[in-house]
Amino acid sequence: MLRTVEVNSTVSRIVSLVPSQTELLADLGLRKKLVGITKFCIHPSELRREVQLVGGTKNVRIDLIRSLKPDLIIGNREENNQADIEVLEKEFPVWMSDIFNLEDALEMLTEIGKITGAEAKAGELKTAITNNFEQLHDLKLTGKSVLYLIWKNPYIAAGKHTFIDAMLQTLGFENAVKEKRYPEAALATLAPDFVFLSSEPYPFKEKDTEELQQQFPASKIVLVNGEYFSWYGSRLLGAPAYFLKLSDVIAK
């Protein structure tokens, strides 16, 4: 589901409040139009030195955004604070995405291309992503269950109705967590074939795999790059290649 917004003139000053969409804007050739990004917008790496930081995704600095005089603000329903968005949309054109699966992500890509005048580049990227995901059709992971953890103390999992869950389904996995969104994981009630420890938002390390191996002695614990499971912009271009390598790792 995407939120429509009218822009009265050619977009030239963009504030992006979502890391994956910031990377997408840069890859669409729009980095010179970016005047504000969040402190979590880490790709491309040099962008944080070139563009004004406007706070975090959940606590943006509204007065600072005002001073940048954007003609377009791009956000996401899940990642941004609703109260912040409601304030900003009274003063500026605010375009919001709402992403749950690959189809939503591809539609988002198309719409951002339209609203920013980068339709041709967006179309090329969409085609490339679609073609790359075709490579995953032959993966033989159907029936295997996975617990995907994104946080520790307490352990928080990616449940149903999330983009992460959609990526797991694309790989043929069954989510071991049946609750929606991001519930606290009741580890004692689960018996997954695999436990995936994401690199973000909590940076799981090797020591965490050792701790969880005791909890799940029959499961395979794997550290995974969370960007390929949760970033729904141009990072999707490289996701299939990463997933194919991951399938080789978990098959051993």
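This write-up is about the structure you can find in this document. (Residues numbered from 1 in each chain as written. Predicted model: local features only at pLDDT ≥ 70, side-chain atom pairs only at ≥ 80, totals over all residues. Heavy atoms only, no water.)

1. Observations concerning the overall build of the protein chain
For clarity, the threshold we go by: In DSSP terms, a helix is any run of H or I states spanning at least four residues, a strand is any run of E spanning at least two, and both are numbered starting from the N terminus. In this description the radius of gyration comes from C-alpha coordinates, and the expected globular size is given by 2.2 Å times residues to the power 0.38. A contact between two residues is defined here by any heavy atoms of the two lying within 4.5 Å. Under the convention used here, a 1.4 Å probe and the Shrake-Rupley method define accessible areas, while residue burial counts only the protein chains that appear.
Of regular secondary structure, the protein chain possesses 10 helices and 10 strands. Its C-alpha radius of gyration of 19 Å places the protein chain within 12% of the 18 Å reference for a compact globule of 252 residues. Overall size of the protein chain, expressed as C-alpha extent along the three principal axes, is 60 × 35 × 30 Å. Long-range pairs, those at least 24 residues apart, make up 61% of the contacts in the protein chain with a sequence separation of at least 6. Carbon and sulfur atoms form 50% of the exposed surface of the protein chain, whose accessible area is close to 12,100 Å².

2. Some details on helix H7 (residues 163-170)
Put simply, the rule is: Exposed residues in this analysis have more than 50% of their type's maximum accessible area, buried residues have under 20%, and partly exposed residues fall in between, with area computed by a 1.4 Å probe over protein chains only.
Among the eight residues in H7, six count as buried, and that is most of the element. Where H7 is concerned, the buried positions are Phe163, Ile164, Asp165, Ala166, Met167 and Leu168. Immediately beyond the C-terminal end of H7, within one or two residues, lies Gly172, with a positive phi of roughly 90°.

3. Points about the nonpolar core
How we decide: Throughout, nonpolar core names a set of buried Ala, Val, Leu, Ile, Met, Phe, Trp, Tyr and Cys residues whose side chains join them through atoms within 4.5 Å.
Residues Phe133, Tyr148, Phe196, Phe229 and Phe243 are the most contacted members of the largest nonpolar core, which totals 54 residues. At seven residues, the largest contribution of residues to this core is made by helix H5 (residues 102-116). Discounting residues that sit within four places of it in the chain, Phe196 has contacts with Val146, Leu147, Tyr148, Leu149, Leu168, Phe173, Val222, Val224, Phe229, Leu246 and Ile250.

4. What to know about the pairing of strand E5 (residues 94-97)
The line we're drawing: Strand pairing is assigned whenever DSSP detects at least two bridges linking the two strands. The definition of a right-handed crossover adopted here requires that, viewed with the strands pointing away, the path from the first strand over the helix to the second runs clockwise.
On E5, burial covers both faces: Val94 and Met96 on one face and Trp95 and Ser97 on the other are all buried. Here strand E4 (residues 72-76) pairs with E5 via four bridges, running parallel. Bridging from a neighbouring strand, Asn76 pairs with Ser97 of E5. Read as a crossover between parallel neighbours, the route from E4 over helix H4 (residues 82-88) to E5 is right-handed.

5. Focus on the sheet that holds strand E3 (residues 52-53)
Judged by pairing direction, the sheet is parallel, and its five strands sit side by side in the order E3-E2-E1-E4-E5 without closing on themselves. A single partner strand is all that each edge strand has here, and the edge strands are E3 and E5. Relative to E3, strand E2 (residues 34-37) runs parallel, the two being bridged by two bridges. Counterpart to Ile37 in the pairing with E3 is Leu53.

6. Considerations on the pattern of salt bridges
What counts, and what does not: In the sections that follow, a salt bridge refers to a side-chain nitrogen of Lys or Arg positioned within 4 Å of a carboxyl oxygen of Asp or Glu.
Within this structure, the stated rule accounts for 13 salt bridges. Between Arg66 and Glu91 there is a salt bridge whose closest N-O contact spans 2.8 Å. Taken together, the residues span a long stretch of sequence, with Arg66 in helix H3 (residues 62-68) and Glu91 in the loop between H4 and E5 at a distance of 25 residues. In this structure Arg66 comes out as partly exposed when scored by relative accessible area, which is 31%. With a shortest N-O distance of 3.1 Å, Arg235 and Glu227 are connected by a salt bridge. With respect to class, Arg235 is no different from Glu227; both count as buried. Here the salt bridges share partners, and the residues they tie into one network are Glu23, Glu227 and Arg235.

7. Notes on the packing of aromatic side chains
Aromatic rings in a pair are described by how distant their centres are and how their planes are angled relative to each other. For clarity, the cut-off: For Phe, Tyr and Trp, rings pair up if their centres lie within 6.5 Å, where Trp contributes its six-membered ring, and each pair is then called stacked (planes under 30 degrees apart), edge-to-face (over 60) or tilted (otherwise). For a ring to carry a charge above it, either NZ of a lysine or CZ of an arginine must fall within 6 Å of the ring centroid while also lying within 35 degrees of the normal to the ring plane.
One pass over the structure, following the stated rule, counts 12 aromatic pairs. Pairing Phe173 with Phe196 gives two aromatic rings, centres 5.5 Å apart and planes at 85°, and the pair type is edge-to-face. Of the two residues, Phe173 is situated in the loop between H7 and strand E8 (174-175) and Phe196 in strand E9 (residues 194-198); the sequence distance between them amounts to 23 residues. As far as burial versus exposure is concerned, Phe173 and Phe196 are alike and both buried. Its relative accessible area of 0% is what places Phe196 among the buried residues. When the ring centre of Trp231 is taken as origin, the NZ or CZ atom of Arg235, which lies over that ring, is 5.8 Å away.

8. Description of the packing of helix H1 (residues 19-27) against H5
Selection criterion: In this analysis, axes come from line fits to C-alpha atoms, helices being fitted only over the stretch in contact, and the angle between any two N-to-C directions falls in the range 0 to 180 degrees. Here is the rule for angles: anything less than 35 degrees is roughly parallel, anything more than 145 is roughly antiparallel, 65 through 115 is roughly perpendicular, and the remaining ranges are oblique. Each crossing is labelled by how the near helix is turned from the far one, with a counterclockwise turn of less than a right angle marking it left-handed and a clockwise turn marking it right-handed. Charged means Asp, Glu, Lys or Arg here, nonpolar means Ala, Val, Leu, Ile, Met, Phe, Trp, Tyr, Cys or Pro, and polar covers whatever is left, Gly included.
The interhelical angle for the contact between H1 and H5, taken along N-to-C directions, is 55°, at an axis separation of 11 Å. Taken together, the axes of H1 and H5 are oblique relative to one another. Where H1 crosses over H5, the two elements pack in a sense that is right-handed. Residues Gln21, Leu24 and Leu25 of H1 pack against Met108, Leu109, Ile112 and Thr116 of H5. Tallied by class, residues from the contact of H1 with H5 come to five nonpolar, two polar and no charged.

Just distances and angles here, no functional claims.
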